[in-house]
Amino acid sequence: ELGYAAAQYLLGVAFYEGVDLAKDLVRARYWLEKAACQGYAGADAALERFRLEHPREYEEAAKFRRILGSYYQLVQQARNGDKQARRLLERFSFR
């Protein structure tokens, strides 16, 4: 999260391969994309490999990230005093 592209890439690969961590393709895509956005060499190739080897999971990870991103945006809006965002969070509470 601090912007260290090499660490993000390695974490993405570890999640993808299941090395020292439980295999998690959603987290793998998340960390590989963060590294790719910073121009880390190899991250784009790793994402392409992921897309080719696991096309369904690749798309599912993207959907999950979009949903999660929307949720976090809603939380931030509620924290900033947006009453409608707060009502929506209360209505769709995950508790």
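Placed above this text is the structure.
Keep in mind the model is a prediction, meaning the values are calculated, not measured. (Residues numbered from 1 in each chain as written. Predicted model: local features only at pLDDT ≥ 70, side-chain atom pairs only at ≥ 80, totals over all residues. Heavy atoms only, no water.)

Peer 1: Would you take a moment to explain the packing of helix H1 (residues 5-17) against helix H3 (residues 43-53) for this structure?
Peer 2: To describe two helices that pack against each other, one gives the angle between their axes and the distance between the axes. With their axes 11 Å apart at the nearest point, H1 and H3 run at an angle of 20 degrees to one another. The pairing of H1 with H3 is recorded here as roughly parallel in orientation. When you trace H1 past H3, the crossing you get is left-handed. On H3, the residues that touch Tyr9, Tyr16 and Glu17 of H1 are Ala43, Ala46, Arg49, Phe50 and Glu53. (Axes fitted to C-alpha atoms, helices over the stretch in contact; angles between N-to-C directions. Helix = DSSP H or I, 4+ residues; strand = E, 2+ residues; numbered from the N terminus. Parallel < 35°, antiparallel > 145°, perpendicular 65-115°, else oblique. Left-handed = near helix turned anticlockwise from the far one by under 90°. Contact = heavy atoms within 4.5 Å.)

Peer 1: I'm lost on the nonpolar core in this one. Help?
Peer 2: Inside soluble globular proteins, nonpolar side chains tend to come together where they are buried. By size, the foremost hydrophobic cluster in this structure holds 14 residues, and its most contacted members are Tyr9, Tyr16, Ala28, Leu32, Ala43, Leu47 and Phe50. Broken down by secondary-structure element, the contributors of at least two residues to this core are H1, helix H2 (25-37) and H3. Element by element, the count of residues in this core is highest for H2, at 6 residues. When neighbours within four sequence positions are excluded, Tyr9 is seen to be in contact with Trp31, Leu32, Ala35, Tyr40, Gly42, Ala43 and Ala46. (Core = buried A, V, L, I, M, F, W, Y, C linked by side-chain atoms within 4.5 Å. Buried < 20%, exposed > 50% of the residue type's maximum accessible area, 1.4 Å probe, protein only.)

Peer 1: I keep staring at the layout of surface pockets and nothing clicks. Help me out?
Peer 2: Gaps left between atoms are located by rolling a probe of water-molecule size over the structure's atoms. Estimated volume of the largest pocket: approximately 200 Å³. Lining the largest pocket are 11 residues, and of these Val26, Tyr30, Phe64, Arg65 and Leu68 lie nearest its centre. Elements with a minimum of two residues in the lining of the largest pocket: H2 and helix H4 (55-79). Split by residue class, the lining of the largest pocket holds 6 nonpolar, 1 polar and 4 charged. (1 Å grid on protein atoms, 1.4 Å probe; cavity = no way out; pocket = protein on both sides within 12 Å on 5 of 7 lines; lining within 4 Å. Points joined across faces, edges and corners; volume = space filled by probe spheres on them. Nonpolar A, V, L, I, M, F, W, Y, C, P; charged D, E, K, R; others polar.)

Peer 1: Explanation requested: the packing of aromatic side chains in the structure shown.
Peer 2: The relation between two aromatic rings is expressed through the spacing of the ring centres and the mutual angle of the planes. One pass over the full model with this rule turns up 4 aromatic pairs. Ring centres of Tyr16 and Phe50 lie 5.3 Å apart, and the angle between their planes is 55 degrees; on these two criteria the pair is classed as tilted. In this pair, Tyr16 sits in helix H1 while Phe50 sits in helix H3, placing the two residues 34 residues apart along the sequence. Exposure remark for Tyr16: the relative accessible area of 5% places this residue in the buried category. Chaining the aromatic ring pairs together yields one cluster made of Tyr16, Phe50 and Tyr58. Over the aromatic face of Tyr16 sits the side chain of Lys23, whose NZ or CZ is 5.7 Å from the ring centroid. (Phe/Tyr/Trp six-rings, centres within 6.5 Å; stacked < 30°, edge-to-face > 60°. Lys NZ or Arg CZ within 6 Å of the ring centre and 35° of its normal.)

Peer 1: How should the pattern of salt bridges be read in this particular structure?
Peer 2: A side chain of one charge can pair with a side chain of the opposite charge if their charged atoms are brought near each other. Considering all chains together, one arrives at 6 salt bridges under this definition. Linking Glu48 and Arg51 is a salt bridge whose minimum nitrogen-to-oxygen distance equals 2.5 Å. Placement of the pair is Glu48 and Arg51 together in helix H3, with a separation of 3 residues, close to one helical turn. On the basis of relative accessible area, Arg51 is assigned to the partly exposed category, the value being 34%. Here Arg49 ties to Glu53 by a salt bridge, and the two come within 3.1 Å at their closest N and O atoms. Residue Arg49 and its partner Glu53 are located together in helix H3, separated by 4 residues, close to a single helical turn. (Salt bridge = Lys/Arg side-chain N within 4 Å of Asp/Glu carboxyl O.)

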